[in-house]
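Chain by chain, the residues:
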Amino acid sequence: MIRRAGLAVLLLATAAAAGAPDTSLRPVSREDVFPPALPSFAPDESVRPKARTTRSAPVAAAANTRTSPDPLSKTLTDRGVVPASSPRDLDPEPRETNSASRVRSTRVGKVCKDRNLRGLEVGAVAGRLSGCGIDKGAIRLYEVSGVKLSTPAVMECDTARALKKWVDGGMSKSVKRYGGGVVELKVAAGYACRTRNNRPGAKISEHGKGRAIDISALHLKNGDTISVLRDWGKGRKGKMLRRMHKQACGPFGTVLGPNADRYHKDHFHFDIAKHRGGPYCR
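Read on for a plain summary of the structure. The structure presented is a predicted model; accordingly, all values stated were derived computationally and were not measured.

Parameters and conventions
Residues numbered from 1 in each chain as written. Predicted model: local features only at pLDDT ≥ 70, side-chain atom pairs only at ≥ 80, totals over all residues. Heavy atoms only, no water. Salt bridge = Lys/Arg side-chain N within 4 Å of Asp/Glu carboxyl O. Helix = DSSP H or I, 4+ residues; strand = E, 2+ residues; numbered from the N terminus. Buried < 20%, exposed > 50% of the residue type's maximum accessible area, 1.4 Å probe, protein only. Phe/Tyr/Trp six-rings, centres within 6.5 Å; stacked < 30°, edge-to-face > 60°. Lys NZ or Arg CZ within 6 Å of the ring centre and 35° of its normal. Contact = heavy atoms within 4.5 Å. Polar contact = N/O pair within 3.5 Å; in protein donor to acceptor, adjacent residues only side chain to side chain. Core = buried A, V, L, I, M, F, W, Y, C linked by side-chain atoms within 4.5 Å.

### Quick look at the pattern of salt bridges
Moving on, step 1. A complete count under the given rule lists 9 salt bridges for this structure.
Moving on, step 2. We note a salt bridge from glutamate 156 to arginine 211, for which the minimum N-O separation is 3.6 Å. Residue glutamate 156 is found in the loop between strand S4 (147–155) and helix H4 (157–175), and its partner arginine 211 is found in the loop between strand S5 (182–189) and strand S6 (212–220); the two are separated by 55 residues along the sequence.
Moving on, step 3. For glutamate 206, the salt bridge is made with lysine 209, and the minimal N-O distance between the two is 3.6 Å.
Moving on, step 4. Judged by its relative accessible area of 10%, glutamate 206 falls in the buried class.
Moving on, step 5. Sharing partners across several salt bridges, the network here consists of Glu156, Glu206, Lys209 and Arg211.

Structure follows, in structure tokens:
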């Protein structure tokens, strides 16, 4: 019995030895379960940033600044790119209400073919109301015979020439060298697309055609002021104002002042409208 059992064990061992492979099996890669890492995910030594040893001046300055209002704008500026909101893109010239859409020149110089009239050529002015506007040849006037305008005024050349005639004649002869002379005119209104005295249904004002200008005061070289509102009818300054008001009749077709109506208590209105029988002065 023991012999039979030993023989059986010997036979099983022999069969197992006969079926064994010559070499041991190696583990097979399970790519279907765990695919290999993609090459693009691997770090590329060629593009790895190099360690910085020093900082450039702009970067160092930025690092030392605790707050930066706009890092993107700083970067663009360093590269010579000016953002659209830069003050360089802003129009440096003063804008008039409903004035010309485009200025032909950005340099103040001789206008209306007169070296004593300094300003900018504006061209045509479109009005928002029917009857307003300047067809062509409008200017923005800055200075008349060396006397500056407090606010550049848009007008026709004929209006500018009439103003020059008054400045050289009536105004200068009335003030003379008092206070060192007039150095600036206080402009209350130039071109403005509106009705007369802003009354609904009224005719279009001469201001809406570039044919009028309002003067409320004269600034003198010594810092003093001759004011229509404050000085009309009072002392030496009042006499000067009356004289220059009278002398405006002729160069201008319409001259209105404090005695005309309640709308002109604080300024002179000058326009070049023509009237039957001559200038209308009040």
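### A closer look at the packing of aromatic side chains
Moving on, step 1. Across all of its chains, the model carries 4 aromatic pairs by this definition.
Moving on, step 2. One aromatic cluster is present, formed by Trp166, Trp232, Phe252, Phe268 and Phe270 through successive ring pairs.
Moving on, step 3. One residue, arginine 282, lies across the ring of tyrosine 280, its end atom 4.4 Å from the ring centre.

### Side note on the environment of aspartate 266
Moving on, step 1. Checked against the element boundaries, aspartate 266 lands in the loop between strand S8 (254–256) and strand S9 (268–271).
Moving on, step 2. On the accessibility criterion, aspartate 266 (38% relative accessible area) is partly exposed.
Moving on, step 3. In contact with aspartate 266, not counting residues within four places along its chain, are Ser216, Val228 and Leu229.
Moving on, step 4. Side-chain polar atoms of aspartate 266 contact the side chain of histidine 267, separated by 2.9 Å.

### Some points on the nonpolar core
Moving on, step 1. In this structure, Leu141, Trp166 and Leu185 are the most contacted members of the largest nonpolar core, which totals 38 residues.
Moving on, step 2. Broken down by secondary-structure element, the contributors of at least two residues to this core are strand S3 (133–144), S4, H4, S5, S6, helix H6 (235–247) and S9.
Moving on, step 3. In terms of residue count, the dominant contributor to this core is H4 (8 residues).
Moving on, step 4. When residues no more than four places from it in sequence are discounted, the contact partners of tryptophan 166 are Met171, Ser172, Leu185, Met244, Gln247, Ala248, Phe252 and Phe270.

### Focus: unusual backbone geometry
Moving on, step 1. At lysine 113, a position not held by glycine, the phi torsion is positive, near 60 degrees.
Moving on, step 2. With respect to the helices and strands, the residue lysine 113 is situated in the loop between strand S1 (109–111) and strand S2 (114–126).
Moving on, step 3. Phi angles above zero are rare outside glycine, and asparagine 197 is one such case at about 55 degrees.
Moving on, step 4. Within the secondary structure, asparagine 197 is located in the loop between S5 and S6.

### Looking at the environment of leucine 256
Moving on, step 1. Within the secondary structure layout, leucine 256 lies in strand S8.
Moving on, step 2. For leucine 256, a relative accessible area of 13% translates into the label buried.
Moving on, step 3. Spatially, the C-alpha atom of leucine 256 lies 5.6 Å from that of phenylalanine 268, the residues being 12 residues apart in sequence.
Moving on, step 4. Ignoring any residue separated from it by four or fewer positions in sequence, one finds leucine 256 in contact with His245, His264, His267, Phe268, His269, Tyr280 and Arg282.

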